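One letter stands for each residue in the lines below.
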Amino acid sequence: MEKIEQLYHQDSSETVTTEDAVSKTMESAPRVSKLYLLKVLIKLIPILIHLRRDRREWVKREGRNIDTKKYIKHAEKTLATFIALGPSYIKLGQWLSTRTDVLPQPYLEVLAKLQDDVPPSDFSLVQETIEKEIGKIDQVFDRFDKKAKSGASLGQVYLACYKGRDIIIKASRPDIEKTVSRDILVLKSILPLATRFIDPNLRYSVEAMFSQFVETISEEMDYRIEARNLKTIRRNLSHDPTVLIPELIPEITSRHVLSMEYIPGTKITDITALDAMGLDRERIVSKVHRIFFKMLLKDSVFHADPHPGNISVTSDGKIILYDFGMVGRIDDDTRLKLVRLYLGLIEKDPVRAVNVLIDLGTLEPSVNRYIVEKALEFSIRSLHGQQVDRMEVKALIDLTNKTMSKFPFRLPKNLALYIRMSSILEGIYHHHKVRFQFVKVLADILSEEGLLREAYVEEARDYFKRLVKGIETSIGLAPILRSYMEADLHTKEISSRRQWLTSISIIGSGLFIGSAIFIQYNLFIGIAGLVASVGTFFATFAIARRKR
């Protein structure tokens, strides 16, 4: 697991890791009785049954001609059940609300209400937590509004005044670790049963998502980690004048209390208010995508929860980011692969994109490349603002249904938060219904941040590795080819001329096989290799005839 940097308090020697956060959470786990497990199952099984039926119908009909009211009714039942079951299930619902591969669209729209509309706990319980960790409220703060400004799954937010300055106080819900650890144990017990209610090809992705969910929720409960996340991202984006991130108040921040500067703004999905301020919503959507993908592709540390409650806009069009509890981290190798993937989309190269998807572990190497490349070709056309022929799409869907028993997409754990972030941003774009070209934003980011050079260098390395692999395959086949040629000779005494011709033939064959393998990765080099191999064969044939 990745190590979180030392917490931002300069006088603290404490270091926290993801593993530490998970261990701390599970240490608080109470014993789960079979009776409690049964009660949770009784509430969840009807949801799973409805979801299984609805999703099968949704996929079969491709989301058309379905009973929307029935779907919404089932989704609202799911929403009510998650809220009744408590914080962990609310957080799980938030995760599911971005998973278009798992839930039908009506479910996503209903569960999206969990993003920033969670009922707060009684203040007297929260007050106990605040005063235990940072002192008596009436002694620490100039003013404290006891009515929660908003409720979240793990904590709730209050407005206060500290040393003459308006601030935000985020406090944990009462006994949150004990509650979450119990819920995680229950969900782990239920997961094998729950996966039986989804398509077999989704099970790997769901298990990876749950593993990432456990790690993330464990980190989110320690506000010192969120403080560190905030400081890191604030520093990374400090040179971007289009984004504002609140300043931390370190002396009144602790494990269960987070204090920061209050920066008011208009919610990014409030179209009426944004239009009244005369702001260009097309530019706002573009700006938000640019900020988040810059974090992902440049810094490897990104805000992974950009739901509308966590993004506001100032009167002059600047973007304000809140809530840094859920932060994604990707290693440099994965970051470069994502840069290469987006370069493939920008340069309209589905073959390159499929290669990277396989390298990322999201596609099986044995995948039917034609189908996936064709699907990506349609997506790329759409991204570049081109019309896609509906008959072509229908033909591809028919072919897919006939040749593939399952869709080969898999979601590795390290990409779960990236997919979540991308899905939520896409939802913001669709909400505004403005003209927006994602590839243009990507191209600008790659160019402005100096990522194009990185991408091409990585591409060259990748091509070289694949070429070496192709040559190694050819060398492995060479002895077999030579044995076959030698078996055809009439005598064991091979003349020097024939030895020479055999060697040249083997080299030509190896070059041909290596080029044939490599052509799918780089058309120019592959064709050049094939031409060279054909030339070798012709030269060998001409020499053989001349020396007869």
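On a predicted model such as this, the values are computed, not experimentally measured, just so you know. (Residues numbered from 1 in each chain as written. Predicted model: local features only at pLDDT ≥ 70, side-chain atom pairs only at ≥ 80, totals over all residues. Heavy atoms only, no water.)

*Asks:* Can you help me understand the environment of glutamate 448 in this one?
*Replies:* Mapped onto the elements, glutamate 448 comes out in helix H18 (residues 438-448). Residue glutamate 448 is classed as exposed on the basis of its relative accessible area of 53%. Here the alpha-carbon distance between glutamate 448 and lysine 294, two residues 154 residues apart in the chain, equals 9.9 Å. (Helix = DSSP H or I, 4+ residues; strand = E, 2+ residues; numbered from the N terminus. Buried < 20%, exposed > 50% of the residue type's maximum accessible area, 1.4 Å probe, protein only.)

*Asks:* Help me out: how do you make sense of the packing of helix H4 (residues 87-96) against helix H8 (residues 176-194) in this one?
*Replies:* To describe two helices that pack against each other, one gives the angle between their axes and the distance between the axes. Axis separation between H4 and H8 bottoms out at 8 Å; the angle between their running directions is 65°. Here Pro87, Ser88, Tyr89 and Leu92 of H4 lie close against H8, whose contacting residues are Ile176, Thr179, Val180, Asp183, Val186 and Leu187. Tallied by class, residues from the contact of H4 with H8 come to 7 nonpolar, 2 polar and 1 charged. (Axes fitted to C-alpha atoms, helices over the stretch in contact; angles between N-to-C directions. Contact = heavy atoms within 4.5 Å. Nonpolar A, V, L, I, M, F, W, Y, C, P; charged D, E, K, R; others polar.)

*Asks:* I would appreciate a short explanation of the sheet that holds strand S5 (residues 243-244) in the present structure.
*Replies:* Sheet strands line up and pair through hydrogen bonds in the backbone, either parallel or antiparallel. Pairing in this open sheet of 4 strands is mixed, and the strands run S5-S10-S9-S7 from one edge to the other. The sheet is open, and its two edges are formed by S5 and strand S7 (266-267), each paired on a single side. In the sheet, S7 pairs with strand S9 (residues 311-313) via 2 bridges, with the strands oriented antiparallel. The partner of threonine 266 across the bridge, within S9, is valine 313. Here helix H12 (residues 281-299) sits on the sheet and contacts S5, S9 and strand S10 (319-321); the angle it forms with S10, its principal contact strand, is near 45°. (Pairing = 2+ DSSP bridges.)

*Asks:* Looking at this structure, how should I read the pairing of strand S4 (residues 165-172)?
*Replies:* Within S4, 6 of the 8 residues are buried, which leaves it mostly tucked inside the rest of the structure. Two elements, S4 and strand S6 (residues 257-261), share 5 bridges in a ladder whose sense is antiparallel. Bridging from a neighbouring strand, alanine 171 pairs with valine 257 of S6.

*Asks:* Just to check I follow, could you spell out a positive patch on the surface for this structure?
*Replies:* Where like charges cluster on the molecular surface, the positive patch consists of Arg52, Arg56, Arg196 and Arg203. Note on placement: arginine 203 falls in helix H9 (residues 203-220). When its relative accessible area of 31% is taken as the criterion, arginine 203 is described as partly exposed. (Patch = residues over 30% accessible without salt bridge, like charges linked within 9 Å, V, L, I, M, F, W, Y side chains within 5 Å. Areas by Shrake-Rupley, 256 points an atom, 1.4 Å probe, with all protein chains shown as cover. Salt bridge = Lys/Arg side-chain N within 4 Å of Asp/Glu carboxyl O. Lys, Arg positive; Asp, Glu negative; His and termini not counted. Charge placed at Lys NZ, Arg CZ, Asp CG, Glu CD.)

*Asks:* Is there a simple way to explain the packing of aromatic side chains in this structure?
*Replies:* Think of a pair of aromatic rings as described by two things: how far the centres are apart, and how the planes are tilted against each other in angle. With the rule as written, the count across this model stands at 12 aromatic pairs. On the basis of an interplanar angle of 65° and a centroid distance of 5.3 Å, the ring pair of phenylalanine 141 and phenylalanine 144 is categorised as edge-to-face. For phenylalanine 141, a relative accessible area of 5% translates into the label buried. Judged by its relative accessible area of 13%, phenylalanine 144 falls in the buried class. Taken together, Phe123, Phe141, Phe144, Tyr158 and Tyr162 form an aromatic cluster joined through their ring pairs. (Phe/Tyr/Trp six-rings, centres within 6.5 Å; stacked < 30°, edge-to-face > 60°.)

*Asks:* How should I be thinking about a nonpolar patch on the surface in this particular structure?
*Replies:* Together, Leu35, Leu38 and Ile42 give the surface a local cluster of nonpolar side chains, amounting to about 310 Å² of exposed area. With respect to the helices and strands, leucine 35 occurs in helix H2 (residues 34-61). Classification of leucine 35 by relative accessible area gives exposed; the value is 54%.

*Asks:* Sorry, what's going on with the pairing of strand S3 (residues 155-162) here?
*Replies:* Note on strand geometry: in a regular strand, side chains alternate between the two faces of the sheet. In terms of burial, S3 is a largely internal element, 7 of the 8 residues being buried. With 2 bridges connecting them, strand S1 (residues 143-144) and S3 associate as antiparallel partners. Bridge pairing links phenylalanine 144 to alanine 160 in S3. Relative to S3, strand S2 (residues 150-151) is paired through 2 bridges, and the arrangement is antiparallel. By the bridge assignment, glycine 151 is partnered in S3 with glutamine 156. Counting the residues between successive antiparallel strands, the hairpin from S2 to S3 contains 3 residues.

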